[in-house]
2 protein chains.
Amino acid sequence: MALFVDYYQLTMGQADFNAGNNSVITANYYVREIPQGQYLIAAGLEQVIHYILNLRFTDATLDWLAERGDLSADYLASLKDFRFDGSVFAVPEGTLVFPNEPIINVTGKSRDVQLFETYLLCVMNFQTLIATKASRIVQAARGRPVFDFGARRAHGRDAGILAARASFIGGASGTSLVLAGCLFDIPYVGTMAHKFVSERPTELAAFQDYAAAFPNNTTLLIDTYNTLEGARNACIVAKEMEARGARLRSVRLDSGDLLILSKQVRRILDAEGLDYVQIIASNELDEFQIDTLLGSGAPLDSFGVARDSLREGAPSALGGVYKLVESDGRPVGKQSLDEPFKATIPGKKQVYRLTDTAGNYAKDWVTLWDEAVSEGQPLLVPVIENGELVSDFPNLQDIQARTITELKKLPDSHKRLTEATPYVVEMHPSLLAHVEGTS
Amino acid sequence: MALFVDYYQLTMGQADFNAGNNSVITANYYVREIPQGQYLIAAGLEQVIHYILNLRFTDATLDWLAERGDLSADYLASLKDFRFDGSVFAVPEGTLVFPNEPIINVTGKSRDVQLFETYLLCVMNFQTLIATKASRIVQAARGRPVFDFGARRAHGRDAGILAARASFIGGASGTSLVLAGCLFDIPYVGTMAHKFVSERPTELAAFQDYAAAFPNNTTLLIDTYNTLEGARNACIVAKEMEARGARLRSVRLDSGDLLILSKQVRRILDAEGLDYVQIIASNELDEFQIDTLLGSGAPLDSFGVARDSLREGAPSALGGVYKLVESDGRPVGKQSLDEPFKATIPGKKQVYRLTDTAGNYAKDWVTLWDEAVSEGQPLLVPVIENGELVSDFPNLQDIQARTITELKKLPDSHKRLTEATPYVVEMHPSLLAHVEGTS
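Procedures and definitions
Residues numbered from 1 in each chain as written. Chains lettered and ligands numbered in written order. Predicted model: local features only at pLDDT ≥ 70, side-chain atom pairs only at ≥ 80, totals over all residues. Heavy atoms only, no water. Helix = DSSP H or I, 4+ residues; strand = E, 2+ residues; numbered from the N terminus. Buried < 20%, exposed > 50% of the residue type's maximum accessible area, 1.4 Å probe, protein only. Contact = heavy atoms within 4.5 Å. Areas by Shrake-Rupley, 256 points an atom, 1.4 Å probe, with all protein chains shown as cover. Lys, Arg positive; Asp, Glu negative; His and termini not counted. Charge placed at Lys NZ, Arg CZ, Asp CG, Glu CD. Buried area = accessible area lost by both parts, 1.4 Å probe. Salt bridge = Lys/Arg side-chain N within 4 Å of Asp/Glu carboxyl O. Axes fitted to C-alpha atoms, helices over the stretch in contact; angles between N-to-C directions. Parallel < 35°, antiparallel > 145°, perpendicular 65-115°, else oblique. Nonpolar A, V, L, I, M, F, W, Y, C, P; charged D, E, K, R; others polar. Pairing = 2+ DSSP bridges.

Novice: Just checking my understanding: could you explain the overall build of chain A for this structure?
Specialist: Helix and strand content of chain A: 15 helices and 19 strands. Based on the C-alpha atoms only, the size of chain A along its principal axes is roughly 80 × 60 × 40 Å. Taking all 439 residues of chain A together, 61% fall into the buried category. Within chain A, counting contacts between residues at least 6 apart in sequence, those at least 24 apart form 74% of the total. Accessible area of chain A: about 15,700 Å², with a carbon and sulfur share of 50%. Averaged over its 41 positive side-chain charges, chain A has a centre that lies 5 Å from the centre of its 55 negative ones.

Novice: In this structure, what is going on with the interface of chain B and chain A? I would like to understand it.
Specialist: By a frequent convention, interface size equals the accessible area lost on bringing the separate parts together. On the chain A side, the residues contacting the 98 residues of chain B number 98 residues. Across the chain B to chain A interface the summed buried area is about 8,600 Å²; carbon plus sulfur atoms make up 57%. A per-residue breakdown of the area chain B buries against chain A is headed by Arg152(B), His155(B) and Arg157(B), which together make up 10% of the total. If you look at where chain B meets chain A, you find eight salt bridges. Across the salt bridge formed by Arg157(A) and Asp158(B), the nearest N and O atoms sit 3.4 Å from each other. Going through the elements one at a time, helix H1 (7-19), helix H3 (59-68), helix H6 (117-140), helix H7 (157-169), helix H8 (178-184), helix H9 (194-198), helix H10 (203-213) and strand S12 (321-327) of chain B are the ones with two or more residues in the side of chain B that touches chain A. With 11 residues, H1(B) is the single largest residue contributor to the side of chain B that touches chain A.

Novice: Just checking my understanding: could you explain the packing of H7(B) against helix H14 (residues 396-409) of chain B for this structure?
Specialist: Axes are the key here: two packed helices are described by the angle between their axes and the distance separating the axes. Residue and element names in this part refer to chain B. In contact at an axis separation of 8 Å, H7 and H14 are set at 45° when each is read in the N-to-C sense. When the axes of H7 and H14 are compared, the pair comes out oblique. Residue-level inspection shows Arg165, Phe168 and Ile169 of H7 in contact with H14, the latter providing Leu396, Gln397, Ile399, Gln400 and Thr403. Along the lines of polarity and charge, the residues of the contact of H7 with H14 split into four nonpolar, three polar and one charged.

Novice: Just checking my understanding: could you explain the pattern of salt bridges for this structure?
Specialist: Side chains that differ in sign of charge can pair as their charged atoms come close. Residue and element names in this part refer to chain A. A full pass over the atoms with the stated rule returns 48 salt bridges over all chains. The salt bridge involving Arg142 is made with Asp291; its shortest N-O contact spans 2.9 Å. Here the residue Arg142 occupies a position in the loop between helix H6 (117-140) and strand S6 (146-148), and Asp291 occupies one in helix H13 (residues 287-295), the gap between them amounting to 149 residues. Ionic contacts of the salt-bridge type, sharing partners, join the residues Glu101, Arg353, Asp364 and Glu406 into one network.

Novice: Hey, could you run me through the sheet that holds strand S11 (residues 302-305) of chain B in this one?
Specialist: Two strands in a sheet stick together by hydrogen bonds in their backbones, pointing the same way (parallel) or opposite ways (antiparallel). Residues and elements named next belong to chain B. Sheet architecture is open: six strands sit in the order S7-S6-S11-S10-S9-S8, paired in parallel fashion. What marks the edges here is a single partner per strand, and that holds for strand S7 (174-175) and strand S8 (219-221). Examined bridge by bridge, S8 and strand S9 (residues 250-253) share three bridges and lie parallel to one another. Paired with Thr219 across the bridge in S9 is Ser250.

Novice: What is the right way to read the sheet that holds strand S5 (residues 104-109) of chain A from this model?
Specialist: All names here are of chain A. Overall, antiparallel pairing links the seven strands, which are arranged S13-S12-S1-S5-S3-S17-S18 in an open sheet. For this open sheet the edge positions go to strand S13 (330-331) and strand S18 (388-389), each flanked by a neighbour on one side alone. With six bridges connecting them, strand S1 (residues 24-30) and strand S12 (residues 321-327) associate as antiparallel partners. Residue pairing for S12: Asn28 is matched across the bridge by Lys323. Helix H2 (residues 45-54) contacts strand S3 (87-90), S5, strand S17 (381-385) and S18 of the sheet and is inclined by roughly 25° relative to S17.

Novice: What's the story with unusual backbone geometry in this structure? I'm lost.
Specialist: Glycine aside, negative phi is the norm for most residues, and most peptide bonds take the trans geometry. Residues and elements named next belong to chain A. For Asn100, which is not glycine, the phi dihedral falls at a positive 70°. With respect to the helices and strands, Asn100 occurs in the loop between strand S4 (96-97) and S5. On the accessibility criterion, Asn100 (34% relative accessible area) is partly exposed.

Next comes the structure, spelled out in structure tokens:
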């Protein structure tokens, strides 16, 4: 784990060590730009906190680095007893955040704080992206359950696991990935693959085999050969199940024109009195397709989605950054003249969220860290102080509940799938005066 | 690891167990469509093979599944001694592959073969995507070194590690991720962050601190405040290094107009006799930007790239699939009438690659597995037979060398960054006759 760093974190550490840089700094994780929509749902903090608290340099790690010869024995020895003894303030997972607001503040020795950059960025950027995307898809599904089916498109094993976690935070009802169900105690679901159908002599035989094994929880994949024929075979099996006192739960569509097919399949099922059998759609769905399908009256009851779809325009990464904002009490920031967008607002900052009289979110103020602000609630709360964990990790159900509550408070204009209005984030007058004073 | 499955792999296993399905099948990994360009570089096989050979269901795993109550005790007991005893034939990593060609054939008991689907797909799809993307970027860089700087944008830890591996396969010169350097014995590199500059009183002081620590390997990041001023500070440090008998290696640009700035910085360096100091560019570069920059004469010497860039149009996933093609010697496939694109060519298949008289690749034939073909070379070679590993894992340098050799043999028309011509992949007449006979 200790080597999950970009090498410059160690070379800078070496140079800091040589130069006797013992300053205490604050680094700030924030997102400059939202790739899709006008809000983000913060996710990934629990993994970041575990990393910060458990980062150790083992002898094997230090020996390996020593053999390479680029870093000095003295510097490597200084890493041997590394324990983070600083503090972390952060926005709880499931909280709405907006561009240029601090999401995590890490305060500690300069050499320590920079060690967390690579892991913090990759975990926060990825989970926040996925939680946000999932919330958009759940919104498009209008109350119908959405399940993560994305592991096979994930960028390796961690990505599959973390995407299941983040999509649950964003409002998904569960995942197909059993390991995520095991690790995070969230529902996992399974249907059948085309393989199961095509290796049997007939589709009907495949359906019968599956239904016999899962009398209370059978979903039949009906598009292997011909979807309407598949629906008729599903009806036969459903009737057989009824005769045994059981019920077919659902059928799944994974190809073709989902609007036309879902209507036809619904009619076939209903004509047999099987109105209780649900229709699940998968097949590379995103929020726009689901919105269009349901807007057109597709009788679909739930959705399986792989968020890393091939569609152009789906953002594959969130460009969050982790930037130095304060050093030994002095506000600092990058003030690039060549690319003003990449500038960093100097100073350690807090965010206050203001509500209107109806309790809906009205605007945010980004303030100096210790500014006394009489309105609104501060968003960043203590998580680690003096190297000790000072908050509990909520379970995923509670984080999801926070997301749902938060989204209810956000006016619809900011949540529209397209053409949403940006939410107002203002620099508090005190911060503004301060920035003008330092630049 | 055993739970890194989509749940349907276990529910189908249960239904197969109940039905006494003991058939021997072949599943085939292939890619239907290339999201960008006209070729793919196969990557990820080593991880897949380790997974297949080492997949075990521990007592803890089986106990956890048993507690859930959905799978029967008999079926779970049958997983206790799971060992794959089948065979795997595959295209070696670093080999060019094209749409609808088999890349991996897994043959074994039906219930076993389906357990590998999720992991195989996520690892092959991701690494093949990244190796291919890296090869395009390396091509655009026209011989200049390209380094993977992507860990902070990766989808979690595994993604960072596997992307470093895959981009090296595709031709990258190294990575910023130390752990990947350690695991795969590939070069890792580091420069400095804006933090290192902005926490010091002056940029010059920061450069001096860094140069003192790395007299033989210093790269200075010169865009924290003003790139041209940064270049002049780099000159001062380079002269100080010369006085100590050392040399500044390079400066790095991470923002702004890289064409204009690189030319200005080159002039500033050259005017001081520092023509040996190289200029490195990073800042969300892809193959198109690098091609444009170099085509316009930007004096850039190497590139740091994060492949998961925010740019629209960069594919975030490869849609490779793992499909049943043969069961107990009978060719099978999905023949969707609703979406012909999603059909699978039935039968276990081999690929023969034909060369022209100059030794360049001319076309591929997809054949029946045991078809005697007198021309060309078969691409799928034995990796596992009867559950035993029968081939060595090449080191990454050798895989990269294979990629480079392969790309040399592919005519330029198929390699152009845009508007490339599709490579010809034909179904061999025998396969065609066979498919027509079965459909």
